[in-house]
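# Residue-level structure breakdown
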Amino acid sequence: MHVVSNPEWIKDVLVTHQSNFTKSRMLQRARVLLGDGLLTSEGEFHKRQRRLVQPAFHRDRLAGYAQAMVECAANCREEWRADAIVDVAREMNRLTLSVVARTLFSADVSEEADEIRAALSVVLELFETVLMPFSEWLEKLPLPSVRRFERARDRLDQTIYRMIAERRKSGEDKGDLLSMLLFAQDEDDSGGMSDKQVRDEALTLFLAGHETTANALTWAWYLLSQNPHAETQLHEELDRVLDGRLPSLDDLPQLRYTEMVFAESMRLYPPAWAIGRMAIEDYRIGEYTIPKGSILLMSPYVVHRDPRWFPEPGRFDPLRFVPETAALRPKFSYFPFGGGARVCIGERFAWMEGVLLLATLAQRWRLRLDPAQVVDTKALITLRPKYGMRMSIVRYRDDHRA
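Here the structure is a predicted model, which means the values were calculated and not measured.

### Let's talk about the nonpolar core
- Membership of the largest hydrophobic core comes to 100 residues, with the highest contact counts inside it found for M92, L104, F105, F206 and W221.
- Here this core gets 14 residues from one element, more than from any other, and that element is helix α11 (residues 195-226).
- Beyond its immediate sequence surroundings of up to four residues, W221 is in contact with V88, M92, L358, L361, A362, W365, L367 and M391.
- Membership of the second largest hydrophobic core comes to 15 residues, among which are F21, I275, V303 and F332.

### Remarks on the sheet that holds strand β4 (residues 275-279)
- On the basis of which strands lie adjacent, the open sheet formed by four strands has the order β1-β7-β4-β2 and mixed pairing. For this open sheet the edge positions go to β1 (2-3) and β2 (21-23), each flanked by a neighbour on one side alone.
- As paired elements, β4 and strand β7 (residues 295-298) share four bridges and run antiparallel to each other. Paired with R277 across the strands is L296, a residue of β7.
- Here helix α1 (residues 7-16) sits on the sheet and contacts β2, β4 and β7; the angle it forms with β7, its principal contact strand, is near 120°.

### Details of the environment of W80
- Structurally, W80 is set in the loop between α5 (59-79) and β3 (85-87).
- Sequence separation between W80 and R364 is 284 residues, and the spatial gap between their C-alpha atoms is 9.8 Å.
- Apart from the residues lying within four places of it in its own chain, the contact partners of W80 are E91, M92, L361, W365, L367 and I393.

### Some points on the pattern of salt bridges
- On inspection of all chains with the given rule, the structure shows 22 salt bridges.
- Notably, a salt bridge pairs R366 with E231, separated by 2.9 Å at the nearest N-O pair. One end of the pair, R366, is in strand β8 (residues 365-369); the other, E231, is in helix α12 (residues 228-242), with 135 residues separating them in the sequence.
- Its relative accessible area of 5% is what places E231 among the buried residues.
- E312 serves as the salt-bridge partner of R315, at 3.5 Å between the closest nitrogen and oxygen.
- Residue R315 is classed as partly exposed on the basis of its relative accessible area of 36%.
- By relative accessible area, which is 53% here, E312 ends up exposed.
- Through salt bridges that share partners, D157, K196, R199 and D200 make up one connected network.

### A closer look at the side chain of E201
- Within the secondary structure, E201 is located in helix α11.
- R48 provides the closest opposite charge to the buried, salt-bridge-free E201, at an N-O distance of 7.1 Å.
- Reaching out from E201, the side chain makes a polar contact with the backbone nitrogen of L38 at a distance of 3.0 Å.
- What E201 contacts, discounting residues up to four positions off in sequence, is D36, G37, L38, Q49 and L181.

### Some points on the environment of A113
- The residue A113 is located in helix α7 (residues 113-131) in this model.
- The buried category is assigned to A113, whose relative accessible area is 5%.
- Note: C-alpha distance between A113 and Y283 (170 residues apart in sequence) is 45 Å.

### Quick notes on the packing of aromatic side chains
- Tallying each qualifying case throughout the model produces nine aromatic pairs.
- With centroids separated by 4.0 Å and ring planes inclined at 10°, the aromatic side chains of W219 and Y269 adopt a geometry described as stacked. Of the two residues, W219 is situated in helix α11 and Y269 in the loop between α13 (256-268) and β4; the sequence distance between them amounts to 50 residues.
- Owing to a relative accessible area of 13%, Y269 belongs among the buried residues under this scheme.
- Here the aromatic residues F57, Y65 and F349 are joined through ring pairs into a cluster of three or more.
- We note R267 situated over the ring of F310; from NZ or CZ to the ring centre the distance is 5.1 Å.
- The ring of Y269 carries the charged tip of R305 above its face, separated from the ring centre by 5.5 Å.

Parameters at a glance
- Residues numbered from 1 in each chain as written.
- Predicted model: local features only at pLDDT ≥ 70, side-chain atom pairs only at ≥ 80, totals over all residues.
- Heavy atoms only, no water.
- Core = buried A, V, L, I, M, F, W, Y, C linked by side-chain atoms within 4.5 Å.
- Buried < 20%, exposed > 50% of the residue type's maximum accessible area, 1.4 Å probe, protein only.
- Helix = DSSP H or I, 4+ residues; strand = E, 2+ residues; numbered from the N terminus.
- Contact = heavy atoms within 4.5 Å.
- Pairing = 2+ DSSP bridges.
- Axes fitted to C-alpha atoms, helices over the stretch in contact; angles between N-to-C directions.
- Salt bridge = Lys/Arg side-chain N within 4 Å of Asp/Glu carboxyl O.
- Lys, Arg positive; Asp, Glu negative; His and termini not counted.
- Polar contact = N/O pair within 3.5 Å; in protein donor to acceptor, adjacent residues only side chain to side chain.
- Phe/Tyr/Trp six-rings, centres within 6.5 Å; stacked < 30°, edge-to-face > 60°.
- Lys NZ or Arg CZ within 6 Å of the ring centre and 35° of its normal.

The structure is reproduced here in structure tokens:
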């Protein structure tokens with residue numbers, strides 16, 4: 001395994017010479033959970049599936065998604081109570097789960113949210129076992145860890161297959177991702193997707209579409225609580241732009257500081273903290289020859305903290321993302337969504353979701369870190385807070401007057 005941290009070399013691997021590489025072992029082994037979804041598939045099959053899924057993220061659909069996002073966030077903020085202490089990691093997971101269920105699957109999974117999150121936690125925590133040498137054989141043994149992984153995967157499948165069955169039975173085209181997958185017909189394909197193919201894509205987006213944004217938002221709340229000046233600037237922008245009303249898609253161009261807060265949070269704590277590629281043939285990087293079969297690991301967590309691109313890298317400063325400043329940095333000095341043909345298909349969706357949810361919740365509330373909370377990272381497939389994120393809820397106006 002070789003760690004690549006030079007932005008130009010990262011660009012070569014992910015973009016210029018991307019055909020020289022396949023997914024790394026981690027995502028190859030992820031097939032035990034995700035099947036042949038967009039994250040794990042390769043070659044022509046991946047291109048075909050991406051072509052079928054892409055319309056769900058076109059610009060003309062974003063307005064409907066934005067409205068659903070804000071409604072979900074508004075419901076969440078109504079449930080919060082002043083002076084209550086909550087695990088913000090859990091709260092953000094519940095919120096983003098409801099968003100992805102509504103926007104991509106036109107479903108309400110609020111009653112199942114805790115079960116789904118628990119199943120996802122088990123899957124992620126046991127994924128290290130799946131990556132162990134000889135795990136292909138270990139997973140065939142009746143080990144307790146293997147059985148827990150299988151039960152958690154089956155619980156996630158239960159939700160996805162139920163939504164597929166209900167939609168096939170109704171035959172209704174709701175114009176969401178699930179309908180697109182069920183009714184998709186590729187120009188060179190005489191038939192549509194099987195339930196298994198629909199399941200693989202739906203589960204991939206169901207998990208990737210909420211786990212990553214939930215983590216990004218959790219870290220954003222933590223960083224705002226530790227940086228009062230940035231928090232004050234955020235609230236000043238929300239007061240000025242929104243004047244008390246809920247945000248909408250049309251407000252995004254004016255919510256520039258809110259977007260920069262989200263960007264800076266993903267700089268310090270990128271949800272997808274590492275991207276791996278396997279060399280198909282020997283590959284030359286500068287003076288080094290990488291033997292075929294080797295893994296090239298590119299870590300946004302590492303590169304985003306390089307003082308050459310981000311002076312005082314440990315300091316939280318949203319103004320690093322003022323366009324004029326950002327333009328001076330190499331393109332792949334900041335790459336929270338990857339790059340090249342396999343760049344995250346939901347990148348625009350995630351930016352919109354992060355800004356709108358942060359704006360809607362921050363209009364009414366501030367969050368203060370529980371003094372007893374230990375903050376540390378847990379690098380699984382995504383970068384989670386290791387011990388959750390217990391924070392107290394403070395009403396914004398009361399805190400502002402004080």
